[in-house]
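What the coordinates show
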Amino acid sequence: MASTTNVLIFGATGRQGGALVRLLQDNADYNVFAATRNPESASAKKLAAAGNVTCVKANMAEPDSLAPALRESGAQLVFFMTDFWTQKGNSKEMGRKETQDGKNVVDAIKLAVEAGQAVEYVVYASVGDAAEAAENVVHFHSKAHVERYMEEQLGSLAGQGGAFNGYAVVRPAFFIENCDEAATGNPLTKGQLVGFLKPGQKLKHSCSEDTARAAKIFFENQTKYHRTIMEAPIGEWTGLEITQALSEASGVAHKFKKLPVPRFVMRMLMPDIVFMLVWFEKQGYSGDVAAFRQFLKDEGGYEAYDAQRWFAECKRQWRLPKVETFPSGRAREEEAAPSVHVEE
């Protein structure tokens, strides 16, 4: 890479893109550009105010907006993800729209490379086992379609004498951030953690911070990881184990509660969620936790998060009954580890 490298990040005001912004914005090797639909929005202005972040206008659903964003940013590196849940329509329609958003970004990058722009590398954040999940889990396969399209359009462009060195895909498992998801009616509540599965059901998890670290490693080892598709789980935990981690990180005893919405109701409202949960119970993510943790350590010198450290260092607060920060680390260390209870 050049001494200072321009990186264009889609989804910069969200979970995954935001984690990459935080990782890179204090690094003198990077100039960070955030792709946003409205650079004048409150969230975009807040992002820019944090320093070393320039917002550029781009909307993945509007192809004509993407080429100007690549030119304005002088992007050498691009990170993008696609979002099924912000689309409109039934599951199939939402999946088609999500895939098209991804294809639009890939097409814009291909045109930029062919026009001689200095795009070097692309990282796409997909989902664990994107192509291997049950066929009815639409929001996995919609991302697998983007992965395949990247290979078709970008795979052979690397090593052709220009700046472009390729692409990589990082595949996060179930985000531990879903423990605090106000948008789905599940804000983190003091004394309680709500989960989708039975309390003893194991499930592999990821976190945005470690997904962002993987993207940075790919950016800095471009030819080595060209065409890499990497599963990215950091741990395999039950709901009870995550609840215990939250209790220990916060110093407050929490009980685990399974989401009190019957499956048949969820299936009417959110069928793709139910199909995903059934797949979790029958099969689940295949990613190798130890291998991904070792990758982060060997290639980036990073110690991947575990659940307790993530709550203590990244989450640090409850949303309900009011926004409240966890007690200090010293205060927690002086107390015995709180126990965990299950609420039926």
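Higher on the page you've got the structure.
Only a predicted model underlies this, so the values are computations on that prediction, with no experimental measurement involved.

Reading guide: rules and limits
Residues numbered from 1 in each chain as written. Predicted model: local features only at pLDDT ≥ 70, side-chain atom pairs only at ≥ 80, totals over all residues. Heavy atoms only, no water. Buried < 20%, exposed > 50% of the residue type's maximum accessible area, 1.4 Å probe, protein only. Helix = DSSP H or I, 4+ residues; strand = E, 2+ residues; numbered from the N terminus. Pairing = 2+ DSSP bridges. Contact = heavy atoms within 4.5 Å. 1 Å grid on protein atoms, 1.4 Å probe; cavity = no way out; pocket = protein on both sides within 12 Å on 5 of 7 lines; lining within 4 Å. Points joined across faces, edges and corners; volume = space filled by probe spheres on them. Nonpolar A, V, L, I, M, F, W, Y, C, P; charged D, E, K, R; others polar. Salt bridge = Lys/Arg side-chain N within 4 Å of Asp/Glu carboxyl O.

1. Side note on the pairing of strand 9 (residues 203–206)
- Taking every second residue as pointing to the same face, both faces of strand 9 are buried, with Leu-203 and His-205 on one and Lys-204 and Ser-206 on the other.
- Examined bridge by bridge, strand 9 and strand 11 (residues 235–237) share 3 bridges and lie antiparallel to one another. Within the sheet, the bridge partner assigned to Lys-204 lies in strand 11 and is Glu-236.

2. Section: the environment of Val-123
- Take Val-123: it is sitting in strand 5 (residues 121–125).
- Discounting chain neighbours no more than four positions away, the residues touching Val-123 are Val-78, Phe-79, Phe-80, Ala-168, Val-170, Ala-215, Phe-218 and Phe-219.

3. Re the environment of Leu-277
- Locating Leu-277 in the fold gives a position in helix 9 (residues 271–282).
- You can call Leu-277 buried: its relative accessible area is 1%.
- Sequence separation of Leu-277 and Asn-90 is 187 residues, and the distance between their C-alpha atoms is 18 Å.

4. Some points on the layout of surface pockets
- Within this model, the second largest pocket holds a volume of roughly 950 Å³.
- Around the second largest pocket sit 29 residues that line it, and Gly-14, Arg-15, Gly-18, Arg-22 and Glu-209 are the ones nearest its centre.
- Secondary-structure elements contributing two or more residues to the lining of the second largest pocket are helix 1 (15–24), helix 2 (42–49), helix 6 (208–220) and helix 11 (307–315).
- Considering every element that reaches the lining of the second largest pocket, the biggest residue donor is helix 1, with 6 residues.
- Classifying every residue of the lining of the second largest pocket by side-chain character gives 11 nonpolar, 6 polar and 12 charged.

5. So, the sheet that holds strand 11
- Reading across the sheet, the 3 strands line up as 7-9-11 and stay open at both edges, with mixed pairing between neighbours. Of all strands in the sheet, those bounded by a partner on one side alone are strand 7 (174–175) and strand 11.

6. Focus: the pattern of salt bridges
- Overall, the coordinates contain 17 salt bridges when judged by the stated rule.
- Linking Glu-181 and Arg-15 is a salt bridge whose minimum nitrogen-to-oxygen distance equals 2.4 Å. Placement of Glu-181 in the loop between strand 7 and strand 8 (192–195) and of Arg-15 in helix 1 is noted, with a sequence separation of 166 residues between them.
- Looking at Glu-181, the relative accessible area reads 19%, which means it is buried.
- The exposure class assigned to Arg-15 is partly exposed, which follows from its relative accessible area of 29%.
- Ionic pairing is found between Lys-315 and Asp-180, a salt bridge with its closest N-O pair at 2.7 Å. In this pair, Lys-315 sits in helix 11 while Asp-180 sits in the loop between strand 7 and strand 8, placing the two residues 135 residues apart along the sequence. Judged on exposure class, the residue Lys-315 and its partner Asp-180 are both buried.
- Taken together, the salt bridges that share partners define one network made up of Glu-132, Glu-147, Arg-171 and Glu-231.

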